[in-house]
Amino acid sequence: MNFIVSSSALLNHLQAISKVISSKNTLPILDNFLFQLAGTELTVTASDLETTLITKVKLDSASEDGEITIEAKRLTTILREFPEQPLTFNINKESNLIDIVSENGKFSIPGQSADDFPLVPEIKGNANSVSLTSEIMLQGIAKSIFAASDDELRPVMTGIFIEMTPDNMSFVASDAHKLVRYRRNDIKSDTNSSFILPQKPAGLLKNTLSKTDKAVIIKFDDKNAVIEYDNYKMVCRLIEGNYPNYEAVIPTDNPNKLIIDRLDFYNSLRRVSVFSNQASNLIKLSLGANEVTVSAQDIDFSISAHERVKCEYNGNDMEIGFKSLFLIEILANLSSADVVVNMSDPTRAGILVPHEKESDDEDILMLLMPMTVNG
């Protein structure tokens, strides 16, 4: 069993899928890549049992089909040291010894039998499916993943809720303090369906989708999802459970409307938040006709700050408090020049939306719960 492959091409594929490998694998075989050679196509698999990433690599030439596993960390470390050149892999299937032959030398490493590598889960025949562009999938994940919870006691909140209806497709994430809903009106489904994508596979998709412009095909049942794009295939176990009714927490009557330059607001918050209490991160917004005063204080250290930012505000004068870290994070994940903050009163959630949409088919909403302002 042998094949010839470009060193840089193989390294790029291996680095993309190696991120799925856990540093605390329960099975030693999962520290390895599974190499499967069929014809002139090499399929490489990495897994942590919960998530599996598969990639296909084009070969210059190959002979004798077969499969073997190779230690992932050792192989990627070796490949990083090669300049761009063809490498020949000679694999002895009886001894599981691998010789990597370069232009100037030979490097021998041991492999392991592929028999112990876990099988990839399969989707049931009655699976749901949807097709969308890689750009939309990337945007949906990138805009929402930061809002997902880390609370393992509420596992359904730790993932991204992906919902499909005959009208649209939505990506939703929330940690009960902030909520993001990224909706696409140009992606529709014949029936209502949904699943909860865990954060780890979502993060892996975010990294690899940025390198392709090919279509993404998602198939899923009640246990697993298969996501295929370009030369990659991801199979991941879904989070089981019912996602909360997120629409119920989005206030609809918000008479107070603030329009403000996003970067000016963002930079002001960054400066003033340095003076907020380290435990609460409370920042206060005092809203008036043509400006908002951003203020913070930490009584324990006798420090305080306030800064005025020009804005357009329609509504009653009011003071509202937010956790500065969350508000800064939301503004960092909105891309429009100006943002709109819709509010009803200081005790109810603020709704942040872009003032200018990047696309008529895109609808993004970010919600942030307020904090109590003393005095």
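Look up: the structure comes first, before these words.
Fair warning: this is a prediction, and the values are worked out from it, not measured in the lab.

A short note on the overall build of the protein chain
1) Next: For the protein chain, the count of helices and strands is six helices and 26 strands.
2) Next: Expressed as lengths along the three principal axes of its C-alpha atoms, the size of the protein chain is roughly 80 × 50 × 35 Å.
3) Next: Taken across its 375 residues, the protein chain has 51% of its residues classed as buried.
4) Next: For the protein chain, the proportion of contacts with a sequence separation of at least 24, taken over those separated by at least 6, is 66%.
5) Next: Surface summary for the protein chain: the accessible area is close to 18300 Å², and the carbon and sulfur share equals 46%.

Examining helix α2 (residues 72–80)
1) Next: Along α2, the positions that sit buried rather than exposed are A72, L75, T76, I78 and L79. Projected down its long axis, α2 shows its buried positions confined to an angular sector of 160°, all on one face.

Re the nonpolar core
1) Next: Counting 99 residues, the largest nonpolar core has F33, F35, L75, L132, M137 and I218 as the members making the most contacts within it.
2) Next: Leaving out residues up to four positions away in the same chain, L75 has contacts with L14, F33, F35, I70, F89, I100 and I109.

Quick notes on the side chain of D221
1) Next: Turning to its location among the elements, D221 is positioned in the loop between β15 (215–220) and β16 (224–229).
2) Next: Within the local environment of D221, its side chain forms a polar contact with the backbone nitrogen of K223, the two atoms lying 2.9 Å apart.
3) Next: Here N224 takes part through its backbone nitrogen, which lies 2.8 Å from a polar atom of the side chain of D221.
4) Next: Those residues in contact with D221, other than ones at most four positions away along the chain, are E122, I123, K124 and L238.

Some words on the sheet that holds strand β12 (residues 169–174)
1) Next: Across the sheet, which stays open at both edges, the nine strands sit in the order β14-β11-β12-β13-β26-β25-β24-β18-β22 with antiparallel pairing between neighbours. Of all the strands in the sheet, just β14 (193–197) and β22 (312–314) have a single pairing partner and so form its edges. Recorded for the sheet is a direction-independent mean angle of 15° between the axes of neighbouring strands.
2) Next: Sitting on the sheet, helix α5 (residues 262–272) touches β18 (256–261) and β24 (338–343), and the angle it makes with β18 is about 90°.

Remarks on the packing of helix α3 (residues 134–144) against helix α4 (residues 199–209)
1) Next: Where α3 meets α4, the axes come as close as 9 Å, and the angle between the chain directions of the two elements is 135°. When the interaxial angle is binned, α3 and α4 end up oblique. Crossing angle aside, the handedness with which α3 passes α4 is left-handed. Residue-level contacts link S134, M137, L138, I141 and A142 of α3 to A202, L205, K206 and L209 of α4.
2) Next: Classifying every residue of the contact of α3 with α4 by side-chain character gives seven nonpolar, one polar and one charged.

Describing the pattern of salt bridges
1) Next: Evaluation of the coordinates by the stated rule reveals 17 salt bridges.
2) Next: Note that D48 and K200 form a salt bridge whose closest N and O atoms lie 2.8 Å from each other. Of this pair, D48 sits in the loop between β3 (41–47) and β4 (51–58) while K200 sits in helix α4, and the two are 152 residues apart along the sequence.
3) Next: By relative accessible area, which is 34% here, K200 ends up partly exposed.
4) Next: A single network of salt bridges, built from pairs that share partners, joins R181, R183, E247 and D363.

Let's talk about the packing of aromatic side chains
We describe a pair of aromatic rings using the distance from one ring centre to the other and the angle between the two ring planes.
1) Next: Overall, the coordinates contain eight aromatic pairs when judged by the stated rule.
2) Next: For the pair Y229 and Y232, a centre-to-centre distance of 5.8 Å together with 25° between the ring planes defines the contact as stacked.
3) Next: Following the ring pairs from residue to residue traces out a cluster consisting of F3, F35 and F89.
4) Next: The aromatic ring of F326 is capped on one face by K323, whose charged end is 5.6 Å from the ring centroid.

A closer look at the environment of K233
1) Next: You can see K233 is positioned in strand β17 (residues 232–237).
2) Next: Residue K233 is classed as partly exposed on the basis of its relative accessible area of 32%.
3) Next: Each C-alpha atom of the pair K233 and S63 lies 24 Å from the other, and the pair is 170 residues apart in sequence.

Topic: the packing of helix α1 (residues 7–18) against α2
Axes are the key here: two packed helices are described by the angle between their axes and the distance separating the axes.
1) Next: Between α1 and α2, the shortest axis-to-axis distance is 10 Å and the interhelical angle comes to 140°. With respect to each other, α1 and α2 are oriented oblique. As for how α1 packs across α2, the hand of that crossing is left-handed. Contacts between α1 and α2 pair L10, L11, L14 and Q15 from the former with L75, T76, L79 and R80 from the latter.
2) Next: A breakdown of the residues in the contact of α1 with α2 according to their chemical character gives five nonpolar, two polar and one charged.

Reading the values: rules and limits
Residues numbered from 1 in each chain as written. Predicted model: local features only at pLDDT ≥ 70, side-chain atom pairs only at ≥ 80, totals over all residues. Heavy atoms only, no water. Helix = DSSP H or I, 4+ residues; strand = E, 2+ residues; numbered from the N terminus. Buried < 20%, exposed > 50% of the residue type's maximum accessible area, 1.4 Å probe, protein only. Contact = heavy atoms within 4.5 Å. Areas by Shrake-Rupley, 256 points an atom, 1.4 Å probe, with all protein chains shown as cover. Arc of directions from axis to C-beta. Core = buried A, V, L, I, M, F, W, Y, C linked by side-chain atoms within 4.5 Å. Polar contact = N/O pair within 3.5 Å; in protein donor to acceptor, adjacent residues only side chain to side chain. Pairing = 2+ DSSP bridges. Axes fitted to C-alpha atoms, helices over the stretch in contact; angles between N-to-C directions. Parallel < 35°, antiparallel > 145°, perpendicular 65-115°, else oblique. Left-handed = near helix turned anticlockwise from the far one by under 90°. Nonpolar A, V, L, I, M, F, W, Y, C, P; charged D, E, K, R; others polar. Salt bridge = Lys/Arg side-chain N within 4 Å of Asp/Glu carboxyl O. Phe/Tyr/Trp six-rings, centres within 6.5 Å; stacked < 30°, edge-to-face > 60°. Lys NZ or Arg CZ within 6 Å of the ring centre and 35° of its normal.

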